[in-house]
Amino acid sequence: MRNLLEIKELIRRFYSKNEVFIVPVLKFLLALIALLNINRQLGYMPRINNIAIVLIVSLLCSFLPTGCIILFSALFVLLHLYALAIEAAIVGFALFLVMFLLFFRFSPKDSLVVLITPLLFGLRIPYVVPVAMGLLGTPASAVSVGCGVVVYHLVRFVSVSAPSIKALDVSEATARLRMVIDGIIDNKEMMVTVAAFAFTVILVYIIRRLSVDHSWTIAMIAGTIMNIVILLLGDLMYDTNISVIGVIFSSLISLGLCVALQFFAFSVDYSRTEKVQFEDDEYYYYVKAVPKMTVAAPEKTVKRINTQIGQPSHPARTAQGGHSARSGSVAHQPSRGNGGRSPQKTQSRQTSSKTAPRSGSGRINSDAAASEYEET
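Numbers given to residues run from 1 along each chain, matching the order in which its sequence is written. Per-residue local features are limited, in this predicted model, to residues with pLDDT of at least 70; the limit for side-chain atom pairs, both in listing and counting, is 80 or more; totals at the level of whole chains, interfaces and linings are taken over all residues. The side-chain values count all of the structure's non-hydrogen atoms but skip hydrogen atoms and water molecules.

Trainee: Explain the environment of Leu-29 here, please?
Mentor: As for its position among the elements, Leu-29 is in helix H2 (residues 19–41). For Leu-29 and Ser-62, which are 33 residues apart along the polypeptide, the C-alpha to C-alpha distance reads 8.4 Å. Strands are runs of DSSP state E lasting at least 2 residues, helices are runs of H or I lasting at least 4, and numbering of each runs from the N terminus.

Right under this line is the structure:
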């Protein structure tokens, strides 16, 4: 666990240090993925179904506010619908207008949810959105989640029904208009999904606000179960043809992603919970304090090694040592020529030469050793 906390702290420091560069890059990638996905599913207007146009718009979105990504995405959708049929474009414009009015009225801060929800539907893990918004948002976030679901089903319906819409003659504008409107209103799967996501957001928000231990974990599990139950009940009541195994498997993956989200957004240590009670002139206060799980990230320390350590700092002493070494060799030279003298006298001369005083220069030491040898 400590290693994970250190990695979290390193990521947090890296993001805070390079936020100026990371945010534009993330905006660029999000806009690029969204526009490429729209062109892949619709692609009825060749002029904007061009990688150069997509790159230019994505680069422009990286320097603009986040809401501009949604505006450009909606514009791409409307242009493709216009190239398919003007009636489809009219219905799409009216639907986008209503959603934007609801969106900017209730949850203007959740702009990315409208864009991320259709992308997660494409990845088969859309159930992470209501649980995550219940943890991080408010009950009003259900509006943004619902708008994202409607956008996904609108694009999906037009993509599937495009041959039928083209088959109708231009003179049959009323039939085209009726076909698009019925395809959206009579979409029971969309209605059930919107209801399930809205209830999940509200339930998760209520539970995670409770003053109980592990409230976020309880909220995630309860929200995932609630979402599965509503989707399965909607399938039984309206025959939405939802895959039971797919819903359960995707919900489990979404739950795992929400656990990772909890680790980065709300990591606390309930074992060190403290309850405090105090009062003032008007109120009594009962406070429950739960400390966060934090750890200091390891810092690298650079140790500099001085290359001059170990080198002689006094050349005079070195020279003196050299003279002493040479004097020692001169003092021991006569010992090699002792001839027939006894070993005891040789040993005594060596002992006396070793105990000779070392003061003065090397020349004086060598002269003293030579005179001592002559006396002996």
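Trainee: Please explain the pattern of salt bridges as it appears in this structure.
Mentor: Any carboxyl oxygen of Asp or Glu that lies within 4 Å of a side-chain nitrogen of Lys or Arg is treated as forming a salt bridge with it. For the structure shown, the criterion picks out seven salt bridges. The partner of Glu-87 in a salt bridge is Arg-176, and the shortest N-O contact between them spans 3.6 Å. Here Glu-87, found in helix H5 (residues 86–106), pairs with Arg-176, found in helix H9 (residues 173–185); they are 89 residues apart in sequence, far enough to count as distant. Only protein chains enter the area calculation, which uses a 1.4 Å probe; residues under 20% of their type maximum are buried, those over 50% are exposed, and those in between are partly exposed. The buried category is assigned to Glu-87, whose relative accessible area is 9%. Close ionic contact of Arg-156 with Glu-189 constitutes a salt bridge, the shortest N to O distance being 3.6 Å. A residue pair is termed long-range when its members are at least 10 positions apart, and Arg-156 in helix H8 (residues 141–167) and Glu-189 in helix H10 (residues 188–208) qualify at 33 residues. For Arg-156, a relative accessible area of 35% puts it in the partly exposed group.

Trainee: Any chance you could explain a negative patch on the surface here in plain terms?
Mentor: Only residues whose relative accessible area exceeds 30% and that form no salt bridge enter a patch; like-charged residues are grouped when within 9 Å of one another, and nonpolar side chains (Val, Leu, Ile, Met, Phe, Trp, Tyr) when within 5 Å. Only the protein chains shown count as covering a residue, and every accessible area follows the Shrake-Rupley method with a 1.4 Å probe. We treat Lys and Arg as the positive residues and Asp and Glu as the negative residues; His and chain ends play no part in the count. To locate a charge, take NZ of a lysine, CZ of an arginine, CG of an aspartate or CD of a glutamate. Taken together, the side chains of Glu-279, Asp-280, Asp-281 and Glu-282 present a region of like negative charge at the surface. Its place among the elements puts Asp-281 in the loop between strand S1 (274–279) and strand S2 (284–289). Asp-281 sits in the exposed class, given a relative accessible area of 83%.

Trainee: Teacher, can you tell me more about the packing of aromatic side chains here?
Mentor: Centre distance and the angle of the planes are the two values used to describe a pair of aromatic rings. Ring geometry is summarised as follows: Phe, Tyr and Trp rings, the Trp one being its six-membered ring, pair when their centres sit within 6.5 Å, and such pairs are stacked at plane angles under 30 degrees, edge-to-face over 60 and tilted between the two. Taken as a whole and assessed by the stated rule, the structure comprises eight aromatic pairs. Taking the centre distance of 5.0 Å and the plane angle of 20° together, the rings of Phe-278 and Tyr-285 count as stacked. For Tyr-285, a relative accessible area of 29% corresponds to the partly exposed category. With a centroid separation of 6.2 Å and 55° between ring planes, the pair formed by Tyr-283 and Tyr-285 is classed as tilted. Following the ring pairs from residue to residue traces out a cluster consisting of Phe-121, Tyr-127, Tyr-152 and Phe-197. Two conditions define a charge sitting above a ring: the NZ of Lys or the CZ of Arg must be within 6 Å of the ring centre, and it must be within 35 degrees of the ring normal. One cation-aromatic arrangement involves Lys-8 over Phe-263; the distance from NZ or CZ to the ring centre is 5.5 Å.

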